[in-house]
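Residue-level structure breakdown
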There are 4 protein chains.
Amino acid sequence: MTWKEKLHEVIYEADTKAGKLFDVVLLIVILISLVLVMLDSVGYIYEVYHDWLYIAEWIITVFFTIEYILRVISIKQAKKYIFSFYGIVDFLSTIPLYISLIFAGSGALLSIRALRLLRVFRILKLARLSGEGERIGTAIKRSLPKISTFLFSVIVVSFIAGTIMYLVEGPEHGYTSIPRSIYWTIVTFTTVGYGDIHPVTPLGQFIATLIMIMGYGVIAVPTGIVSAEMVKQDRQHQNTQVCFNCGESTHDNSAKFCSKCGYSLNRSHEK
Amino acid sequence: MTWKEKLHEVIYEADTKAGKLFDVVLLIVILISLVLVMLDSVGYIYEVYHDWLYIAEWIITVFFTIEYILRVISIKQAKKYIFSFYGIVDFLSTIPLYISLIFAGSGALLSIRALRLLRVFRILKLARLSGEGERIGTAIKRSLPKISTFLFSVIVVSFIAGTIMYLVEGPEHGYTSIPRSIYWTIVTFTTVGYGDIHPVTPLGQFIATLIMIMGYGVIAVPTGIVSAEMVKQDRQHQNTQVCFNCGESTHDNSAKFCSKCGYSLNRSHEK
Amino acid sequence: MTWKEKLHEVIYEADTKAGKLFDVVLLIVILISLVLVMLDSVGYIYEVYHDWLYIAEWIITVFFTIEYILRVISIKQAKKYIFSFYGIVDFLSTIPLYISLIFAGSGALLSIRALRLLRVFRILKLARLSGEGERIGTAIKRSLPKISTFLFSVIVVSFIAGTIMYLVEGPEHGYTSIPRSIYWTIVTFTTVGYGDIHPVTPLGQFIATLIMIMGYGVIAVPTGIVSAEMVKQDRQHQNTQVCFNCGESTHDNSAKFCSKCGYSLNRSHEK
Amino acid sequence: MTWKEKLHEVIYEADTKAGKLFDVVLLIVILISLVLVMLDSVGYIYEVYHDWLYIAEWIITVFFTIEYILRVISIKQAKKYIFSFYGIVDFLSTIPLYISLIFAGSGALLSIRALRLLRVFRILKLARLSGEGERIGTAIKRSLPKISTFLFSVIVVSFIAGTIMYLVEGPEHGYTSIPRSIYWTIVTFTTVGYGDIHPVTPLGQFIATLIMIMGYGVIAVPTGIVSAEMVKQDRQHQNTQVCFNCGESTHDNSAKFCSKCGYSLNRSHEK
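The model shown is predicted, which means the values in this text are computed figures rather than measured ones.

Some details on the overall build of chain A
Along its length, chain A carries 12 helices and 0 strands. A sequence separation of at least 24 residues applies to 54% of the contacts in chain A between residues at least 6 apart.

Quick look at the packing of aromatic side chains
Scanning the model with the defined rule gives 18 aromatic pairs over all chains in all. Ring geometry for Trp184(C) against Tyr194(D): centres 6.3 Å apart, planes inclined by 20°, an arrangement best described as stacked. Highlighted residues: Trp184(C) in helix H9 (residues 178-189) and Tyr194(D) in the loop between helix H9 (178-189) and helix H10 (202-218), drawn from two different chains. Each member of the pair, Trp184(C) together with Tyr194(D), is buried. Both rings, one in Tyr175(D) and one in Trp184(D), keep their centres 5.4 Å apart while their planes meet at 70°; by these two values the pair is edge-to-face. Both residues of the pair, Tyr175(D) and Trp184(D), belong to the buried class. Put simply, the rings of Tyr175(A), Trp184(A) and Tyr194(B) pair up and form one aromatic cluster.

Focus on the UniProt feature "transmembrane region" (unreviewed entry) in chain A
According to UniProt, the "transmembrane region" (unreviewed entry) feature falls on residues 21-46, 52-70, 82-104, 147-168 and 206-228 of chain A. The annotated region residues 147-168 of chain A carries 100% helix and 0% strand content, and the separation between its end C-alpha atoms amounts to 31 Å.

A few points about unusual backbone geometry
A positive phi angle, close to 60°, is found at Thr191(A), a residue other than glycine. Structurally, the position occupied by Thr191(A) is in the loop between helix H9 (178-189) and helix H10 (202-218).

Some points on the packing of helix H3 (residues 43-74) of chain A against helix H5 (residues 85-94) of chain A
All names here are of chain A. The geometry of H3 relative to H5 is characterised by a closest axis approach of 9 Å and an angle of 150° between their N-to-C directions. Judged by the inter-axis angle, H3 sits roughly antiparallel to H5. You can see that H3 and H5 cross each other, and the crossing is left-handed. Residue-level inspection shows Thr61, Phe64, Thr65, Tyr68 and Arg71 of H3 in contact with H5, the latter providing Gly87, Asp90, Phe91, Ser93 and Thr94. Here the contact of H3 with H5 is composed, by residue class, of 3 nonpolar, 5 polar and 2 charged.

Considerations on the environment of Lys4(B)
Residue and element names in this part refer to chain B. Along the polypeptide, Lys4 turns up in helix H1 (residues 3-12). Sequence separation between Lys4 and Ile88 is 84 residues, and the spatial gap between their C-alpha atoms is 22 Å. Aside from chain neighbours lying at most four places away, what touches Lys4 is Ile73 and Ser74.

As for the confidence of the model for chain A
Residue and element names in this part refer to chain A. Overall, the predicted model of chain A reaches an average pLDDT of 74, with 73% of residues at or above 70. Helix H12 (residues 267-270) is the least confidently modelled element of chain A, averaging 44 in pLDDT, while H9 averages 90, the highest of any element. Between residues 105-129, whose pLDDT stays under 50, and residues either more than four places distant or in other chains, the model counts 67 contacts. In this model, residues 267-271 is a region of pLDDT below 50 whose contacts with residues beyond four sequence positions or in other chains number 2 contacts. Prediction confidence for the complex, expressed as pTM and ipTM, is 0.79 and 0.75 respectively.

Side note on the packing of H1(B) against helix H3 (residues 43-74) of chain B
All names here are of chain B. Relative orientation of the contacting elements H1 and H3 amounts to 125°, with a least axis distance of 9 Å. Classified by the angle their axes make, H1 and H3 are oblique. Here H1 runs over H3; the crossing is left-handed. Residue-level contacts link Trp3, Lys4, Leu7, His8, Ile11 and Tyr12 of H1 to Leu70, Arg71, Ile73 and Ser74 of H3. Split into classes, the residues belonging to the contact of H1 with H3 amount to 6 nonpolar, 2 polar and 2 charged.

Observations regarding the side chain of Ser158(C)
Residue and element names in this part refer to chain C. Tracing the chain through its elements places Ser158 in helix H8 (residues 133-169). Given a relative accessible area of 1%, Ser158 falls into the buried group. Residue contacts for Ser158: discarding those within four places in its chain leaves Ile182, Thr185 and Ile186.

Describing the environment of Ile164(A)
Mapped onto the fold, Ile164(A) is located in helix H8 (residues 133-169). Each C-alpha atom, one on Ile164(A) and one on Glu229(A), is 36 Å from the other, the two residues being 65 residues apart in sequence.

Examining a nonpolar patch on the surface
Residues and elements named next belong to chain A. A cluster of nonpolar side chains, namely Tyr44, Val48, Tyr49, Trp52, Ile55 and Ile59, defines an oily patch on the protein surface of about 760 Å² accessible area. Locating Tyr49 in the fold gives a position in helix H3. Tyr49 sits in the partly exposed class, given a relative accessible area of 45%.

Quick word on H9(D)
Residue and element names in this part refer to chain D. With 12 residues, H9 should cover 16 Å at 1.5 Å per step; its first-to-last C-alpha distance of 16 Å lies within 8% of that length. Within H9, 10 of the 12 residues are buried, which leaves the element mostly enclosed by the surrounding structure. Along H9, the residues classified as buried are Ile178, Ser181, Ile182, Tyr183, Trp184, Thr185, Ile186, Val187, Thr188 and Phe189. Of the residues trailing H9, Thr191 is marked for its positive phi of about 60°.

The rules behind each value
- Residues numbered from 1 in each chain as written.
- Chains lettered and ligands numbered in written order.
- Predicted model: local features only at pLDDT ≥ 70, side-chain atom pairs only at ≥ 80, totals over all residues.
- Heavy atoms only, no water.
- Helix = DSSP H or I, 4+ residues; strand = E, 2+ residues; numbered from the N terminus.
- Contact = heavy atoms within 4.5 Å.
- Phe/Tyr/Trp six-rings, centres within 6.5 Å; stacked < 30°, edge-to-face > 60°.
- Buried < 20%, exposed > 50% of the residue type's maximum accessible area, 1.4 Å probe, protein only.
- UniProt positions renumbered as here; feature names shortened; annotations may be inferred.
- Axes fitted to C-alpha atoms, helices over the stretch in contact; angles between N-to-C directions.
- Parallel < 35°, antiparallel > 145°, perpendicular 65-115°, else oblique.
- Left-handed = near helix turned anticlockwise from the far one by under 90°.
- Nonpolar A, V, L, I, M, F, W, Y, C, P; charged D, E, K, R; others polar.
- pLDDT = per-residue confidence, 0-100.
- Patch = residues over 30% accessible without salt bridge, like charges linked within 9 Å, V, L, I, M, F, W, Y side chains within 5 Å.
- Areas by Shrake-Rupley, 256 points an atom, 1.4 Å probe, with all protein chains shown as cover.
- Salt bridge = Lys/Arg side-chain N within 4 Å of Asp/Glu carboxyl O.
- Expected span 1.5 Å × (residues − 1).

Structure below.
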């Protein structure tokens, strides 16, 4: 086992003690870096602790840089990693502070902070650690065509409802333009309801009521889609054992004998 | 194949290259026209770019006019198209600008813009392009009687709750009339919650709390209805066994004999 | 058939032409009376059309009085009707205007209007006309013990969360008392979110975030309960035919032959 | 039966008349104590009735103290009770007033009231009285890993969306820091929508619209998870066939042989 292979095991896998430790440390550093970005955006903290935050961010950037280089070195197909989703995320979450050195200046300060915020994407790494997520992912993926068709028709309805509200309420009640009215319609339809814009005229309130009731009945649809998908998945998940004797396939996961002919289901595994 | 048939194929179908191209172009033009209507309603843009928007709208109107005429010409049963849902939508989305020429005047300007907004309905054409939507449609259609019964009782409850709140809170806290109180109740029940009207007295807040908790428990009902419908649809969809004798296709997975004519379903596999 | 029986048929049943007509007329009168109550509460309309509304209400009250008397007369067990839910509702929706005559006076005007509002309950009669509602009712009734247990624990959590928020935010940010904080918690938990009270301190906003995410995950529970109940109901609804030959009971409603042995299912009905 | 055993039966069980009475009395006292805590927090009531509330709280505290001591005495494994969840809750809901005697003073008054609020936890005892809750609990527990994975990715998305909104809207529109923007994102995503912070710029409103639609589609996921779990539970619950040979009870309705030992399930019915 070469040092490269060892490094690969530590960085990319989590079976060994060292690999597990590396992942946990990385996770903590990512969380710290996220907290730093958050604190940096709070005006009060920024003014008082700016220097300390700046130093801390440089330490993290160096850590991320080393990690990135090690990742590229220890993998066989470096290109595949670099252009993978996580490769790009890793790169984008490392680079901001370096760029801030080149394009420095008093005026560009704000935009530099914006770039630094990209480190937020680093949190996506956390998704790696989840295993249970896959099944949810499958259910979402399968119900996506249905849900997006549904969401599309919601948008169409929002467009029409938005223009009607624009005509009914008009600019004097906050519905200053059709895009803004559509924004209001979606705020209403999704039951968010900020209240920054709201109907004032009786007719407007009546139409709003209709939109709300519609939205209330309609929220059932994506839920129904995902529920059905989940139920289907559950059913398919249960039936993984086929009886060698009679071919019956609807057995419980924990079943040891065929529910139809009493033939042992384990024999198929034993042999 | 006459030119009429060719035209029909291009306009109404999407199998050939030309047909596909036509649909895509139409889709883009519809989207552009929607963006124009939206931009036109933004005060700032209206003032500066009004002339350009006016010209662009005329170009689109001419395009839609030609499309409409071709549709009428190329179909055999012109009447059926004209009075179909899409025929009416196509007509209504073409005509506004022409009407604005006849009923012109400084005072009628606003109402003309209102008519122009009807072009929004053109977006409904997009629904044509969806195929997945049908299954959702079926599930919604089947659960509609149940959901509308449910929504009706929600409205009845809203009426009673609205009048109670009108009595409890009264006009001095924004509940100026029963219709307005009902509006508030539905805003609350559907969990939209603008906050333009909200209970102020302790008793009012207590009743509001009850309404909210009820609404929270009650939102489960339409969702449950659609979910059950979707699960049912999934189950029926799984039944892929078609009877060789009578062609019946809605059999249970475990069925051995046709549920319609009693013919063995297995024979079709054995032979 | 005596005149009492005839009257009973017209008033209580909807099989004959006269019975149907009576129900439809009653429905329309109820709706008109509701609209009148609503209009009466709108300040502007009240001032201008008060006299007309007053006369209209008297006409409806007389109509309801006659209807109530006929209902009592035409039924055999008058007591049973009078003390039934609809009997009480009918009585309460008839009486307010009469009471306003006895307890008249300039100061009592408002309370009289309040009594009149009870006529709103008359709308509950509409529920009679619905048939589809029963199945939803069954599903709700069956899931009620589960849902109320669930809602109870939501209230317990709201109580604790409310007191925590009262301590964190305090009276200076609108959380003036624990009951008010609980009101806020339920407004948040049920995702209504008026915004009349909202957290201001960072810690309060953090706790609010936790409550919201919890509420977001938790809304799934009542929905899941009702969905499961609906799915169960659907499944049970399908299995109404038992094969006389082999006893198989999981047949589709439309099945004519047993799916297990091919025996005709109709024979059981024929004989 | 010693007096200890008798006491145990009265306090811990609800089979006998005395035991039932004790539980009901305890429940009422808990509810009264909660009402007292709530009333005490209302400024107006506090000023007028403070003395009476103070006395009432002492009476309840003494009652709780006696109850706690009896509980400890009457159980065999006192340690197990003391360090159980309810043991700690019982202790914490008894102690606050005693502590307020030791750490008294004009400045510490408020913090003392805070401690007193811990008595709220006493309400958790009510959960004991519920039986139906268990099945819901099981369904929630089983769907917890899926739901928490899901909620975690919601938080990740909220983090990214929050920082984007912070950059787009900026401090001048209320998005004063990233934590605050994340707070707004979760308020939006969970469809609470207070409206204390809301997007003002067109771009911000557009992004908000996307977040809302996403949240609308995404709320389906936890619901789907719980629904599927509930349906599964229902299905397993239907399996009422118990194997005579090994006692396994989780069989499918159509099962003919035990899934654990292969023993015929029908024999139990035949004989």
